[in-house]
Amino acid sequence: MTLSVRNAAAAAALGAALCAALSGCGGGGAASGAAGQARLGTPAAPPAASSPAAAPPASPAVGRGPGKAPTLAPGPNGLTPVFERARQQTEKTVALTFDADMTADQGPRAAAGERFDNPGLISTLKALGVPSTVFMTGRWAEEYPDQAKAIGTDPVFEVANHSYSHHAFTSPCYGLPALDAAAARADVDRAFAAFRKAGAVNTVPYFRFPGGCHDERALRALAGSGVTAVQWDVVSGDAFAKDPDAVAAQVLAGVKPGSVVVMHCTRSAAPVTEEAVRKIVPELRKRGYRFVKVSELLGT
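What you see is a predicted model, and the numbers here were worked out from it, not measured in a lab. (Residues numbered from 1 in each chain as written. Predicted model: local features only at pLDDT ≥ 70, side-chain atom pairs only at ≥ 80, totals over all residues. Heavy atoms only, no water.)

J.: I'm lost on helix α9 (residues 273-286) in this one. Help?
T.: The periodicity of an α-helix, 3.6 residues per turn, causes residues three or four positions apart to be oriented the same way. Given a rise of 1.5 Å per residue, 14 residues ought to cover 20 Å, and the 20 Å separating the end C-alpha atoms of α9 matches this to within 8%. Along α9, the residues that are buried comprise Thr273, Ala276, Val277, Ile280, Val281 and Leu284. Take α9 and look down its axis: the buried residues cluster within an arc of 130°, on one side only. Buried residues in α9 make contact with β2 (93-100), α3 (119-128), α8 (244-254), β8 (259-264) and β9 (290-291). (Helix = DSSP H or I, 4+ residues; strand = E, 2+ residues; numbered from the N terminus. Expected span 1.5 Å × (residues − 1). Buried < 20%, exposed > 50% of the residue type's maximum accessible area, 1.4 Å probe, protein only. Arc of directions from axis to C-beta. Contact = heavy atoms within 4.5 Å.)

Structure, rendered in structure tokens:
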């Protein structure tokens, strides 16, 4: 199933806004194949034990690992499957997802006081009782290990992989430095290792491409890793937004049964997200929606 032109354009706007604050990003550029290669698969059965000839254990085996969280069956020719929205689209469930972005080279900016975390948002999600999936970069987990552990041990949350470096898995991708196939797989493995080192145990075998950019080569690079790539069908518009009402309105206008909403857990890049969430959650509940993690949505 391909993403609509509207969703592709929204994804491009999201990536361009985010990359304005990321080291090594330029002035944009199209997301090569970002929409065209998206596919919905079917829930896969828990994987059987690997044979000696099989690929080495997949990186998501840390934490909960595959088999304890549903994944999709591989796509054509074994390509990494892509999930965008629940196949069962009648039950009023919605997954709020939050990207904890930080590039490999942003340490000096963090040391100078820039905040790539948002503990207030996490506290609000807990207080409101909103199960959520946090797509975390490995560099973010290294910068904020205590927060990564707290999120990754709290049953309200699950931690998914957003790469280690937040570099591109295909090019062009908003000016992000691109990784080759071997480096791409290693980057994903390195992020899972960072979660493990921080003590995050509620990890799931899901991966979100930086900028949402992917093509067949990127899906092939992660084939056999056991991950399901997770996109979205609702862009919140919280990146660099200054008006929480506008962010809330955009989410509320876009949510449908089975939706995945992409938001951010980065104060410097998304300063009004917490306030927007305080508006979004009660309104969606009033409309009869139930909040779920991606793992529950993907399993329906």
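J.: Any chance you could explain the packing of α3 against α9 here in plain terms?
T.: Packed helices, taken two at a time, are described by their axes: the angle between them and the distance between them. Where α3 meets α9, the axes come as close as 9 Å, and the angle between the chain directions of the two elements is 20°. Relative to α9, α3 is oriented roughly parallel. Between α3 and α9 the crossing geometry is right-handed. Listed contacts from α9 to Gly120, Leu121, Thr124, Leu125 and Leu128 of α3 are Thr273, Glu274, Val277, Arg278, Val281 and Arg285. Looking at the contact of α3 with α9, its residues break down into five nonpolar, three polar and three charged. (Axes fitted to C-alpha atoms, helices over the stretch in contact; angles between N-to-C directions. Parallel < 35°, antiparallel > 145°, perpendicular 65-115°, else oblique. Left-handed = near helix turned anticlockwise from the far one by under 90°. Nonpolar A, V, L, I, M, F, W, Y, C, P; charged D, E, K, R; others polar.)

J.: Looking at this model, I keep getting lost on the packing of aromatic side chains. Mind explaining?
T.: What characterises a pair of aromatic rings is the spacing of the ring centres plus the angle enclosed by the ring planes. Counted under the stated rule, the structure contains five aromatic pairs. Aromatic side chains Trp140 and Tyr144 sit 5.1 Å apart centroid to centroid with 55° between the ring planes, which places their arrangement in the tilted category. Residue Trp140 is classed as buried on the basis of its relative accessible area, which comes to 0%. Given the relative accessible area of 8%, Tyr144 is considered buried. Seen from their ring centres, Phe192 and Phe195 are 5.9 Å apart, and the 80° between their planes marks the pair as edge-to-face. Placement of the pair is Phe192 and Phe195 together in helix α6 (residues 181-198), with a separation of three residues, close to one helical turn. For the pair formed by Phe192 and Phe195, the shared burial category is buried. One cation-aromatic arrangement involves Arg190 over Tyr164; the distance from NZ or CZ to the ring centre is 3.7 Å. (Phe/Tyr/Trp six-rings, centres within 6.5 Å; stacked < 30°, edge-to-face > 60°. Lys NZ or Arg CZ within 6 Å of the ring centre and 35° of its normal.)

J.: Looking at this structure, I do not really get helix α5 (residues 145-152). What am I missing?
T.: Of all the positions in α5, only Gln147, Ala148, Ile151 and Gly152 are classed as buried. Angularly, the buried residues of α5 cover 125° about the axis, an arc narrow enough to put them on a single face. Tucked inside the fold, the buried residues of α5 contact α3, β3 (132-136), α4 (138-143), β4 (157-161) and α6.

J.: What am I meant to see in the pattern of salt bridges here?
T.: Where charged atoms of side chains with opposite charge meet at close range, the side chains can pair. Per the counting criterion, the structure on display carries 15 salt bridges. Arg208 is the partner of Asp99 in a salt bridge, and the nearest nitrogen-oxygen pair spans 2.8 Å. Residue Asp99 is found in strand β2, and its partner Arg208 is found in the loop between β5 (203-207) and α7 (216-221); the two are separated by 109 residues along the sequence. As far as the burial class goes, Asp99 and Arg208 line up, both buried. Among the charged side chains, a salt-bridge network with shared partners connects Glu91, Arg290 and Glu296. (Salt bridge = Lys/Arg side-chain N within 4 Å of Asp/Glu carboxyl O.)

J.: Explain unusual backbone geometry to me, please; I cannot follow it from the model alone.
T.: Peptide bonds are mostly trans, and most non-glycine residues show a negative phi. In this structure, Pro172 follows Ser171 across a cis peptide bond, with omega equal to 5°. Assignment of secondary structure puts Pro172 in the loop between β4 and α6. Even without glycine at this site, Ser163 takes up a positive phi of about 85°. Relative accessible area serves as the criterion here: at 0%, Ser163 is assigned to the buried category. The backbone of Phe240 shows a phi angle near 65°, a positive value even though the residue is not glycine. Note on Phe240: relative accessible area 32%, which makes it partly exposed.

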